[in-house]
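Letter by letter, the chains look like this.
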Amino acid sequence: MTNNMATTTIEMAPDGADHISPPADADLATMLLIRHFELALLDLFARGELHGTTHTCLGQEYVPVALVPLLAERDYVFSNHRGHGHYIARFGDPAGLLAEIMGREGAVCNGVGGSQHIFRDRYLSTGVQGESLPVAAGVALHLKRHEPGALALTYIGDGTWGEGAVYEALNMAALWRLPLLVVVEHNGIAQSTATGAQMAGTIRARAAAFGIAHLRVENSSLTEIRATAGPLVERVRDGAPLVLEFVTHRLGPHSKGDDTRTDAELRQVRAADWHALYSEALGERFAEADAIAAARVTRLVDEVAARPPAVWSKA
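Residue indices begin from 1 for each chain and proceed along its sequence in written order. Restriction of local features to residues with pLDDT of at least 70 applies here, the model being predicted, together with a cutoff of 80 or more for giving and counting side-chain atom pairs; totals for whole chains, interfaces and linings are based on all residues. Side-chain numbers come from the whole structure's heavy atoms, not from hydrogens or water.

Chemist: Would you mind going over the packing of helix α1 (residues 25–46) against helix α10 (residues 274–282) in detail, with residue names and values included?
Modeler: When two helices pack together, you describe them by how their axes are tilted relative to each other and by the distance separating the axes. Throughout, an axis means a line fitted to C-alpha atoms (over the contacting stretch in the case of helices), and angles, computed between N-to-C directions, take values from 0 to 180 degrees. Only DSSP runs of H or I covering at least 4 residues are called helices, and only runs of E covering at least 2 are called strands; the numbering of each starts at the N terminus. Closest axis-to-axis distance for the α1/α10 pair is 12 Å, and the angle between their directions is 140°. The orientation of α1 with respect to α10, classified from their angle, is oblique. Of the two elements, α1 crosses α10, and the hand of that crossing is left-handed. Of the residues in α10, those in contact with L28, M31, L32 and R35 of α1 are W274, H275, Y278 and L282. Classes in brief: Ala, Val, Leu, Ile, Met, Phe, Trp, Tyr, Cys and Pro nonpolar; Asp, Glu, Lys and Arg charged; the others, Gly included, polar. Within the contact of α1 with α10, the residues separate by chemical class into six nonpolar, one polar and one charged. By the definition adopted for this analysis, an angle is roughly parallel if under 35 degrees, roughly antiparallel if over 145, roughly perpendicular if from 65 to 115, and oblique otherwise. Each crossing gets its hand from how the near helix is turned against the far one by less than a right angle, where anticlockwise is left-handed and clockwise is right-handed. Throughout, a residue-residue contact means that at least one pair of heavy atoms, one from each residue, lies within 4.5 Å.

Quick look at the structure:
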């Protein structure tokens, strides 16, 4: 792939229960774990048991789960304010994350990072819109020079395309042929503003302006996503940056309760939710897995809440 080649664009079929490939048990369990983890957080905030804020990924849980087998331990992952699912899919550690958010013993960052700012191994998250992409580009340059074959993945939303740093980073990624994977969770709304009211043009066209390949994913079938995205992700490792756009849905509010969408808009979002589609497609298997995940999170909340407060130390 060269910098001036036409954008590679594949548009996968829209979601529907009639074409969802049955996921592996572990994948389904992880998606449902993330779903009930996020619901538990909203419940804890509603009861006044958590401080600060949080931004759930309800409706988007399948995105990081789909990408797990396409990544290696040496790859960097840069997450954002809506990143709980990214962390859990990467590490399988809901206890450490919940302890971080609750400020309890066993917290990933000793309770100083909270919901948005997590650092562990080669995983970093931030609540600052657009900050992670230029940082990821710098890390990708380091990987190209010193760890060939590794890549830097950064998650952004459609609202982040209003930040100038996004375009500076894409320009450098194309010019320097960086192993940079930009995963866009395009949920159609930036806080409370519909994408159509704040972003002109398309993400595909913006990637094309830099000669960067683009893949648009419109369904939540993990098998299909991996089969299509896998070869392109491998090309990223060889210095062909990629914008991987997931057309997804934000089921919950922007943060804890600030949702300005109409009832009709919310009904439309819920009807397209992967949880409902998988439930219809998988029937009893899904119901059993869903109940197991819900019970697991209930036990986890009780166990973490009973821990003593995290103690921060400079050591």
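Chemist: An account of empty space enclosed by the protein is requested, with residue identities and associated values reported.
Modeler: A pocket, in this scheme, is an open set of points on a 1 Å grid over the protein atoms alone with protein on both sides within 12 Å along at least 5 of 7 lines, while a cavity is a set where a 1.4 Å probe fits but cannot get out; residues line either one if an atom lies within 4 Å of a point. Grid points are joined across faces, edges and corners, and a volume is the space filled by probe spheres set on the points. Taken as a whole and judged by the stated rule, the model has three cavities of 30 Å³ or more. As a volume, the largest cavity reaches approximately 60 Å³. In this structure, the largest cavity is lined by 13 residues; those nearest its centre are N80, V128, Q129, G130 and T160. The dominant element in the lining of the largest cavity, judged by the number of residues it contributes, is strand β5 (residues 152–157), at three residues. Space inside the second largest cavity adds up to approximately 40 Å³. S79, N80, G83, H84, Y87, L97, S115, Q116, I118, Y123 and S125 together form the lining of the second largest cavity. Elements supplying a minimum of two residues to the lining of the second largest cavity: α3 (84–91) and β4 (123–125).

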